[in-house]
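An overview of the molecular structure
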Amino acid sequence: MRLERQGAETIVQLHLRAAQWYEQAGRVDDSLYHALQAEAVDYAVEIILKNWMQVIYRGWPNQVLGWLEALPVQVVQEHPELNIALAWTEWVRGRAQAAQVHNDNAQQAYERWLALGKDPPREWVSIPGEVATLRAMAAVRFGRFDAALEYSTQAIQMLPADKSHERAFGLALMAQATAMRESWKIEPAIETYYQAIEVLLQAGNLVALGASGIALGHLFQFSGRLAEAADFYSDLLARMGTNASSPAVGILQVGLGEVLYEQNDLQQAAALLRSVWNHIDRSGFWELVAYSCLLQARLFRAAGQTSDAIAVLQEGADSLRRSDPLDFLKEIQSLLAVYQAEEGRVAEAWRLLPDPLATGERLPGLSIGSRLLNQARVGLVAGRAETTLAFAAQYEQLAAGVGSRRWQMEALLLQALAQARLGTVSYTHLRAHETVLD
């Protein structure tokens, strides 16, 4: 009541002073609240633009989304940088379609500004490169690998080569590496991921660093280089040590846990995963959700707790359905189908894997290889041993051709299991399996 008697202008000034005080104290939520209470929208925009990147870097996209949703919708739509912020926020949250819409809005807002004949602010110089970067990553997500390589190359050429644009440059390198990976250019992808990681470390972009790190670790695992993968994860985690509370660190811990699981160090893998679970619900970081669920399910299954494994995969799938990272949702569903089939729930398993076993001349993308193998496992449990045998034999040749000892071994084991079902296991074939495993 006392404030009301002093008049609206006094109240506005008090809110502004509070906003400035909270901003200096590093309390962004409170600063933004008071700026908006004072209807100082331009100041609120300034607060968000100063802080959104660092919060995204640390892996907290839901917090940034709340800030952007507090602004008037038209303000966001007409501002190129705010659209970029919203696009990357939605991307990290796993909402690829929404991210593309805001990415296009950023380009359109930028072009409208140029059409007015005005010089854009200096900080907008990276916007065309950022737009191309996200287009490259979206192209990878939806299987358009040639387009992804084209967009990522454009982004690298567009982005200024200076320290102030390390964040965008590192993302462009990450997009290019991912496009190379999905196009089966394994060694170039490894080299480019290394480059991206160094730039992202310098920029402090932890969330992209975590995503690049686990992608590189998976390439080592794909090639059967488990010791190299473990050393890589341990080294990168040591370099990020002061950011131990970040979900982006958690995703690297999950990656290391995957390696320990494959090395049969289940206790240590479980201990690492327990340290990660705290970050999952609060972060909105969909990759962390997906990889954590997959590892936890495998650990439950290894302990003979298949019902718990099924439950955690179902929870993970439900969480991802609220977003649109279809590749990760399908990965979870494929492992869920295997465990359901093993429990005698074959009809449920086939509903998750409706397509026939793939037998194309080449793999459509590296990231779906494990899904195809899971599909073959379900087929074996469902009594389709001959189909599984034919698929596994072809898959083993494909895996050998691209240098994947991991998938080659899995395909050979599937062949052995299928032959056992058919009663056709031969000593010669078993020796061939041992040669690969040696």
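Residues numbered from 1 in each chain as written. Predicted model: local features only at pLDDT ≥ 70, side-chain atom pairs only at ≥ 80, totals over all residues. Heavy atoms only, no water.

Let us now look at the overall build of the protein. From N to C terminus, the protein includes 24 helices and 0 strands. Sequence separation of at least 24 residues holds for 61% of the intrachain contacts in the protein that already meet a minimum separation of 6. With the model as given, the accessible surface of the protein reaches about 20000 Å², and the carbon-plus-sulfur share is 50%. (Helix = DSSP H or I, 4+ residues; strand = E, 2+ residues; numbered from the N terminus. Contact = heavy atoms within 4.5 Å. Areas by Shrake-Rupley, 256 points an atom, 1.4 Å probe, with all protein chains shown as cover.)

Should the charged atoms of two oppositely charged side chains come close, the side chains can pair. Evaluated as defined, the whole model comprises 14 salt bridges. In this structure, Arg 95 and Glu 90 form a salt bridge, with 3.4 Å as the shortest nitrogen-oxygen distance. Arg 95 sits in the partly exposed class, given a relative accessible area of 31%. The salt bridge partner of Glu 187 is Arg 225, with a shortest N-O separation of 3.4 Å. Residue Glu 187 is found in helix α12 (residues 186-203), and its partner Arg 225 is found in the loop between α13 (206-222) and α14 (226-239); the two are separated by 38 residues along the sequence. For Glu 187, a relative accessible area of 47% puts it in the partly exposed group. (Salt bridge = Lys/Arg side-chain N within 4 Å of Asp/Glu carboxyl O. Buried < 20%, exposed > 50% of the residue type's maximum accessible area, 1.4 Å probe, protein only.)

The phi dihedral of Trp 184 falls on the positive side, at around 70 degrees, and the residue is not glycine. Considering the arrangement of structural elements, one finds Trp 184 in the loop between α11 (166-182) and α12. The residue Asn 264 is not glycine, and still its phi comes out positive at about 70 degrees. Structurally, Asn 264 can be placed in the loop between α15 (247-262) and α16 (266-283).

Here the focus is the packing of helix α9 (residues 127-141) against helix α10 (residues 145-158). To describe two helices that pack against each other, one gives the angle between their axes and the distance between the axes. At a closest axis distance of 8 Å, the pairing of α9 and α10 adopts a crossing angle of 160 degrees. One finds that α9 runs roughly antiparallel with respect to α10. Along this stretch, α9 crosses α10, giving a crossing that reads as left-handed. Facing Pro 128, Gly 129, Ala 132, Thr 133, Arg 135, Ala 136, Ala 139 and Val 140 of α9, the residues of α10 in contact are Phe 145, Ala 147, Ala 148, Tyr 151, Ser 152, Ala 155 and Met 158. Its residues assigned to classes, the contact of α9 with α10 shows 11 nonpolar, 3 polar and 1 charged. (Axes fitted to C-alpha atoms, helices over the stretch in contact; angles between N-to-C directions. Parallel < 35°, antiparallel > 145°, perpendicular 65-115°, else oblique. Left-handed = near helix turned anticlockwise from the far one by under 90°. Nonpolar A, V, L, I, M, F, W, Y, C, P; charged D, E, K, R; others polar.)

Looking now at the side chain of Glu 396. Its place among the elements puts Glu 396 in helix α22 (residues 385-401). Here Glu 396 sits buried without a salt bridge, and the closest side chain of opposite charge, Arg 405, lies 9.6 Å off (N-O distance). A polar atom in the side chain of Glu 396 sits 2.8 Å from the side chain of Gln 408. Aside from chain neighbours lying at most four places away, what touches Glu 396 is Gln 408, Ala 411, Leu 412 and Gln 415. (Lys, Arg positive; Asp, Glu negative; His and termini not counted. Polar contact = N/O pair within 3.5 Å; in protein donor to acceptor, adjacent residues only side chain to side chain.)

Where helix α8 (residues 96-115) contacts α9, the two axes come as close as 10 Å, and the packing angle between them is 155 degrees. In terms of orientation, α8 and α9 fall into the roughly antiparallel class. The interaxial crossing formed by α8 with α9 has left-handed handedness. Taking contact as the criterion, the partners of Ala 96, Ala 99, Gln 100, Asn 103, Asp 104, Ala 106, Gln 107 and Tyr 110 in α8 are, on α9, Ile 127, Pro 128, Glu 130, Val 131, Leu 134, Arg 135, Ala 138 and Arg 141.

Below, the discussion takes up helix α18 (residues 306-321). The first and last C-alpha atoms of α18 sit 22 Å apart over 16 residues, in line with the 22 Å expected at 1.5 Å per residue. Buried within α18 are the following residues: Thr 306, Ala 309, Ile 310, Val 312, Leu 313, Gly 316, Ala 317 and Leu 320. In an axial view of α18, the angular spread of the buried residues amounts to 165 degrees, which keeps them on one side of the axis. Counted as exposed and oriented over 90 degrees from the buried face of α18: Ser 307 and Glu 315. (Expected span 1.5 Å × (residues − 1). Arc of directions from axis to C-beta.)

Going through the model one piece at a time under the given rule, you end up with 11 aromatic pairs. For the pair Trp 113 and Trp 124, a centre-to-centre distance of 5.0 Å together with 70 degrees between the ring planes defines the contact as edge-to-face. Within this pair, whereas Trp 113 is found in helix α8, its partner Trp 124 is found in the loop between α8 and α9, the two being separated by 11 residues in sequence. Considering the side-chain rings of Phe 391 and Tyr 395, the 5.3 Å spacing of their centres and the 45 degrees angle between planes classify their relative orientation as tilted. (Phe/Tyr/Trp six-rings, centres within 6.5 Å; stacked < 30°, edge-to-face > 60°.)

Right, let's talk about the environment of Tyr 395 for a bit. Here Tyr 395 lies in helix α22. The spacing of Tyr 395 and Glu 410 is 15 residues in sequence and 9.5 Å in space, taken between C-alpha atoms.

Of all the residues in helix α3 (residues 28-37), the buried ones are Val 28, Ser 31, Leu 32, His 34 and Ala 35. Seen along its axis, α3 keeps its buried residues to an arc of 165 degrees; they face one direction. Each element contacted by the buried residues of α3 is listed here: α2 (8-24), α4 (41-57) and α5 (61-70). One or two residues past the end of α3 sits Glu 39, with phi positive at roughly 60 degrees.

Across the protein, pLDDT averages 83, with 87% of residues at or above 70. Mean pLDDT per element in the protein: helix α24 (residues 427-437) is the minimum at 48, and α14 is the maximum at 94. Confidence drops under a pLDDT of 50 for residues 356-362, and excluding neighbours within four residues, the segment shows 16 contacts in the predicted structure. (pLDDT = per-residue confidence, 0-100.)

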